[in-house]
Every structure is written in structure tokens, then in C-alpha cells.
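Breakdown of the fold
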Amino acid sequence: MFSALATLLHAMILALDSPPAHLPSYSSTNLLLCTTLPFTDNPVLTLVDSSTTDNFIDESLAVLAPHPLQHLSASIPLKLFDRDPTPAGDITHCLETTMTFANGQQQEL
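Since the model is a prediction, treat every value here as computed from it, not as a measurement.

1. Regarding the environment of Thr92
With respect to the secondary-structure elements, Thr92 resides in strand β4 (residues 91-94). Spatially, the C-alpha atoms of Thr92 and Pro77 are 9.0 Å apart, while their sequence positions differ by 15 residues. The contact partners of Thr92, leaving out residues within four places of it in the chain, are Gln70, His71, Leu72 and Ser75.

Written out as C-alpha cells, the structure is:
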């Protein structure tokens, strides 16, 4: 999710035929964007981390989706910045959905 978001943000900013994009961060230390998901009633603050190799969503939010999570054939080890494993463990499921940014731009996840 996050590397795709970084790519999307980069493309939005560099687009020469479009007006400049303005997506305000809700944090002074992180890139937190207000987004919506088709299965949530309220906007969700989304952390954008351009250095991640994959896209991630917390299980507590993913289980709200009306369609079931798909079990991965092989789990994905999730490590913290210091390369230690996360207390939550490996990534074992996936979810396909669409995220909408505050400016109306959408991204398939």
C-alpha cells in the first residue's frame, strides 16, 4: 500500500499537465494522509512510508471489509526499522480494495 502511495503521490506532484496536488499531512513528523475505504464510515489516517517494500493494513481495519480476507500461500515476514520482527508477527492474509484520498484521487490496493 505505502510504496504504491508514494508512487502515486510522486506522479501527482510531477504531473505537468495537472494543477499542483495538495494533500496535507496530519502530523509534523510523519506523512499522515486522510483517506477513506469503501467499507468504513469515517475517514482513516493513513501513514505513507515510501521506504516500505509492500503495502500493509492493520487487521482490525481489514476485517471490516465486506468480503473475506484471502489467506497467503506463504506468509510475509514483517520487520521493524531495526530488522527485528514485529510483535504482531508475519503477514498471513491479503485484501484487495480501493483507497480514496482527500482530493478524490483513488488507488487500488
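2. Things to note about the environment of Leu64
Position of Leu64 relative to the elements: it lies in the loop between α2 (59-62) and β3 (70-76). Classification of Leu64 as partly exposed rests on a relative accessible area of 49%. In sequence terms Leu64 and Phe39 are 25 residues apart; their C-alpha atoms lie 6.4 Å from each other. Sequence-distant contacts of Leu64, that is, excluding residues within four places in its chain, are made with Phe39 and Thr40.

3. Some points on the pairing of strand β1 (residues 31-36)
Pairing of β1 with strand β2 (residues 44-48), which is carried by 5 bridges, proceeds in the antiparallel orientation. Bridged to Thr35 within β2 is Val44. Bridge analysis of β1 against strand β5 (residues 98-101) gives 2 bridges, and the strand direction is antiparallel. Across the sheet, the residue bridging to Thr36 is Thr100, located in β5.

4. Focus: unusual backbone geometry
Even without being glycine, Arg83 reaches a positive phi, approximately 75°. With respect to the secondary-structure elements, Arg83 resides in the loop between β3 and β4. In this structure Arg83 comes out as exposed when scored by relative accessible area, which is 70%.

5. Let's talk about the layout of surface pockets
Volume-wise, the largest pocket comes out at about 740 Å³. In terms of lining residues, the largest pocket is bounded by 23 residues, among which Asn55, Phe56, Ile57, Ile91 and His93 are the most central. Elements that contribute at least two residues to the lining of the largest pocket include exactly α2, β3 and β4. The element that contributes the greatest number of residues to the lining of the largest pocket is β4, accounting for 4 residues.

6. So, the nonpolar core
In this structure, Leu37, Phe39, Val44, Leu61, Ala62, Ala65, Leu95 and Met99 together form the largest nonpolar core, which totals 8 residues. Residue contacts for Leu61: discarding those within four places in its chain leaves Leu37, Phe39, Thr40 and Val44.

7. A short note on the sheet that holds β5
Strand order in the open sheet formed by 4 strands is β2-β1-β5-β6, with antiparallel pairing between adjacent strands. Edge strands, defined here as strands with exactly one partner in the open sheet, are β2 and β6 (106-108). Within the sheet, the average angular offset between the axes of one strand and its neighbour, ignoring direction, is 45°.

Reading the values: rules and limits
- Residues numbered from 1 in each chain as written.
- Predicted model: local features only at pLDDT ≥ 70, side-chain atom pairs only at ≥ 80, totals over all residues.
- Heavy atoms only, no water.
- Helix = DSSP H or I, 4+ residues; strand = E, 2+ residues; numbered from the N terminus.
- Contact = heavy atoms within 4.5 Å.
- Buried < 20%, exposed > 50% of the residue type's maximum accessible area, 1.4 Å probe, protein only.
- Pairing = 2+ DSSP bridges.
- 1 Å grid on protein atoms, 1.4 Å probe; cavity = no way out; pocket = protein on both sides within 12 Å on 5 of 7 lines; lining within 4 Å.
- Points joined across faces, edges and corners; volume = space filled by probe spheres on them.
- Core = buried A, V, L, I, M, F, W, Y, C linked by side-chain atoms within 4.5 Å.
- Axes fitted to C-alpha atoms, helices over the stretch in contact; angles between N-to-C directions.

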